[in-house]
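# Secondary and tertiary structure notes
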Amino acid sequence: MMNEPILVVDDDHHLLSAFRRQLGDRFDITTAQNGKDAIAAVQDSLDQHTPFAVVICDMRMPGIDGIETLERIRELSPDTVRLMLTGNADQQTAIDSINRGQIFRFYTKPYPLDQLGDGLEAARDQYRLVIAERELLEKTVTGSIKMLTDLMSLNDPIAYGLATRLREWIRTLQKNFNMPQRWQLEVAASLVAIGHVALPPDLVTKKRQRGVLSEVEESIIERAPEIARDLLRNIPRLSKVAEIVLLQDRGYDGSGFPSDGPKGDAIPLDARILKILKDLAVAADGGPLTAEVLASLDKRKAQYDPALLIRVRSCLKALASGQAPALVELPLASLRAGHLILSDIRLANGHVIFPAHTELSRGQIIRLQNLRKIFSFAEPVKVAEASLRNAEAEVIPDF
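Residues numbered from 1 in each chain as written. Predicted model: local features only at pLDDT ≥ 70, side-chain atom pairs only at ≥ 80, totals over all residues. Heavy atoms only, no water.

### Comments concerning the nonpolar core
Basically, it comes down to this: Grouping buried Ala, Val, Leu, Ile, Met, Phe, Trp, Tyr and Cys residues that are joined through side-chain atoms within 4.5 Å yields what is termed a nonpolar core. Whether a residue is buried, partly exposed or exposed follows from its accessible area with a 1.4 Å probe, protein chains only, as a fraction of its type maximum: under 20%, in between, or over 50%, in that order. What counts as a helix is a DSSP run of H or I of at least four residues, what counts as a strand is a run of E of at least two, and both are numbered from the N terminus.
Ranked by internal contacts, the top residues of the largest apolar core, which has 48 residues, are Leu232, Leu277, Leu280 and Leu316. Every element with two or more residues in this core is listed here: helix H5 (113-155), helix H6 (157-177), helix H7 (183-190), helix H10 (224-232), helix H11 (239-246), helix H12 (269-284), helix H13 (291-296) and helix H14 (306-321). Counting residues in each nonpolar core, the second largest holds 22 residues, with Ala18, Phe19, Leu83 and Leu116 among its members.

Next up, the structure:
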């Protein structure tokens, strides 16, 4: 069993020596004599990827007191379990410790160290439980997202190509906006068209080919984000993603679906960004991002957050005016998951299997493998040179 480190904070060096002497065989103990050093030790442990499982802190210390120390540690390392040790057992101290430091247990001095060791064991077990549950949840969420994107890549490669393009633009915005990674927006972009799984395929095709839709057909298409929302909100931690997907067509001016949805700044920022990027992708219609495509949004600019529209277009203008990405031409047998194709993958008769700007998934590679056993394809395929570094190292058996 791993022996996660424990931090003991007290200005009494005799007490710290007693901790190390009596409990050093049971725990990996680090000590600090004041709050400032304790906070620095926690930050250092995080930088070294060896976070403290437990921090037990004295209440009364010079400088930063125990309550503020535990409060700061909670902000830095929320998974670390916190305990308070104090000679001052008044009710207000206990209340502040619980409310601000969110402590696991509260101990008053003097307290036998062997019994205190049992409390540290319980705190460490609590830490292990929190970490195990979080890892299980993260793996469940990651696996669920991957399953949905893989299904979409096989069921609707055009929608998957759209998602690939949106993710590429989002990463460009994150870099140029100098903002932290917006994972919820990236996931929403990946699953922006997941609601199409419940729509008749002929209706989706008719919409994409700009056919004339009846009022009933328009209503069915319009409500696809609601279907997506209902699918996603059942997955842990994806409630905000579900909201972003639901509001993907909601205009800043209050237009669009859902009719009773928020408008203006009440629309979540990620949904406002997704609305702009999705409309740009639709305007590009699978082609390159050009100055004309960027300018096309002016026809309905009331639907977009005006300040955000300026920033997005400014960031993406480099993609529109810059030189074309370097590419290589590859035979189908050389394609790998992670390759970004810059030309359609077509059958010899011209039927499109995967459109340009699709980042190939493993499921799509396997689909190509199976299709080529039956059909002839047009080759070679243009692939973004930069994506070669991101492709899976594993080689899928040749066709």
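### Considering H6
Heads up, the condition is: Between the first and last residue of a helix there are one fewer steps than residues, each counted as 1.5 Å, and that sum is the expected span.
With 21 residues, H6 ought to run about 30 Å at 1.5 Å a step, and its terminal C-alpha atoms sit 30 Å apart, in line with that. Most of H6 sits inside the fold, with 15 of its 21 residues counted as buried.

### A word on the packing of H10 against H11
Operational definition: Inter-axis angles, ranging from 0 to 180 degrees, are taken between N-to-C directions of lines fitted to C-alpha atoms, where helices are fitted over the stretch in contact. Note on angle classes: values under 35 degrees are labelled roughly parallel, values over 145 roughly antiparallel, values of 65 to 115 roughly perpendicular, and the remainder oblique. By definition, residues are in contact when any of their heavy atoms lie within 4.5 Å.
Running from N to C, H10 and H11 point in directions that differ by 175 degrees, and their axes come no closer than 8 Å. Overall, the two elements H10 and H11 adopt an arrangement that is roughly antiparallel. Judged by residue contacts, Pro225, Glu226, Ala228, Arg229 and Leu232 of H10 engage Val241, Ala242, Val245 and Leu246 from H11.

### Observations regarding the pairing of strand E3 (residues 54-58)
Note the cut-off: Two strands are counted as paired when DSSP detects at least two bridges linking them.
Counting buried positions along E3 yields 5 of 5 residues, so the element is predominantly enclosed. The alternating pattern of E3 places Val54, Ile56 and Asp58 and Val55 and Cys57 on opposite faces, both of which are buried. Summarising the sheet, strand E1 (residues 5-9) and E3 pair through 4 bridges and their orientation is parallel. Within E3, the position partnered with Ile6 by the bridge is Val54. Direction of pairing for E3 relative to strand E4 (residues 81-86): parallel, over a ladder of 5 bridges.

### Overview of the pattern of salt bridges
Let me state the cut-off plainly: By definition, a salt bridge exists where a carboxyl oxygen of Asp or Glu is found within 4 Å of a side-chain nitrogen of Lys or Arg.
Considering all chains together, one arrives at 21 salt bridges under this definition. Arg272 serves as the salt-bridge partner of Asp305, at 2.7 Å between the closest nitrogen and oxygen. Here Asp305, found in the loop between H13 and H14, pairs with Arg272, found in helix H12; they are 33 residues apart in sequence, far enough to count as distant. The partner of Asp279 in a salt bridge is Lys275, with the nearest N and O atoms 3.1 Å apart. Taken as a pair, Asp279 and Lys275 lie in helix H12 at a separation of 4 residues, close to a single helical turn. Residue Asp279 shares its accessibility class with Lys275, and that shared class is buried. Several salt bridges share partner residues, and in doing so they unite Arg223, Glu226, Arg229, Asp230 and Arg233 into one network.

### Notes on the packing of H6 against H7
Worth spelling out the cut-off: When the near helix sits turned anticlockwise from the far one by under a right angle, the crossing is termed left-handed; a clockwise turn instead gives a right-handed crossing. By the convention adopted, Pro, Cys, Tyr, Trp, Phe, Met, Ile, Leu, Val and Ala count as nonpolar, Lys, Arg, Asp and Glu as charged, and the other residues, Gly among them, as polar.
Closest axis-to-axis distance for the H6/H7 pair is 8 Å, and the angle between their directions is 160 degrees. Put simply, H6 runs roughly antiparallel to H7. Both H6 and H7 take part in a crossing whose hand is right-handed. Between H6, through Ala163, Leu166, Arg167, Ile170, Arg171 and Gln174, and H7, the contact on the second element is made entirely by Leu185, Glu186, Ala189 and Ser190. Looking at the contact of H6 with H7 residue by residue, the class counts come to 5 nonpolar, 2 polar and 3 charged.

### Topic: helix H15 (residues 362-372)
Within H15 the residues assigned to the buried category are Gln364, Ile365, Leu368, Gln369 and Leu371. Looking at the buried residues of H15, the elements they touch are H5, H6, strand E7 (345-346) and strand E8 (352-354).

### Describing the confidence of the model for the protein chain
What counts is decided by this rule: The pLDDT score gives, residue by residue, the confidence of the prediction method on a 0 to 100 scale.
Of the residues in the protein chain, 91% reach a pLDDT of 70 or more, and the chain-wide mean stands at 86. Overall, residues 393-399 carries pLDDT values under 50, and its contacts beyond four positions in sequence, including any with other chains, amount to 16 contacts.

### Brief notes about unusual backbone geometry
Note that the residue after Phe257, namely Pro258, is joined by a cis bond; omega there is -10 degrees. Look at the link from Glu379 to Pro380: it is a cis peptide, with omega at 0 degrees. Relative to the helices and strands, Pro380 resides in the loop between H15 and strand E9 (381-384). Positioned with a positive phi, Arg210 is a non-glycine residue whose angle comes to about 60 degrees.

### As for the sheet that holds strand E5 (residues 105-108)
Reading across from one edge, E2-E1-E3-E4-E5 is the order of the 5 strands in this open sheet, with parallel pairing throughout. This sheet does not close on itself; its edge strands, each paired only once, are strand E2 (28-32) and E5. Strand-to-strand twist in this sheet, taken as the mean axis angle between neighbours without regard to direction, amounts to 20 degrees. Pairing between E1 and E2: 5 bridges, direction parallel. When the sheet's bridge partners are listed, Val9 is paired in E2 with Ala32.

### Digging into the pairing of E4
The condition that has to hold: The crossover handedness rule: strands pointing away from the viewer, path from first strand over the helix to second strand clockwise, crossover right-handed.
Across the 6 residues that make up E4, a large majority, 6, are buried. Alternating residues of E4 divide into Val81, Leu83 and Leu85 and Arg82, Met84 and Thr86, and every residue in both groups is buried. For the handedness criterion, the β-α-β arrangement of E3, helix H3 (residues 66-76) and E4 is classed as right-handed.

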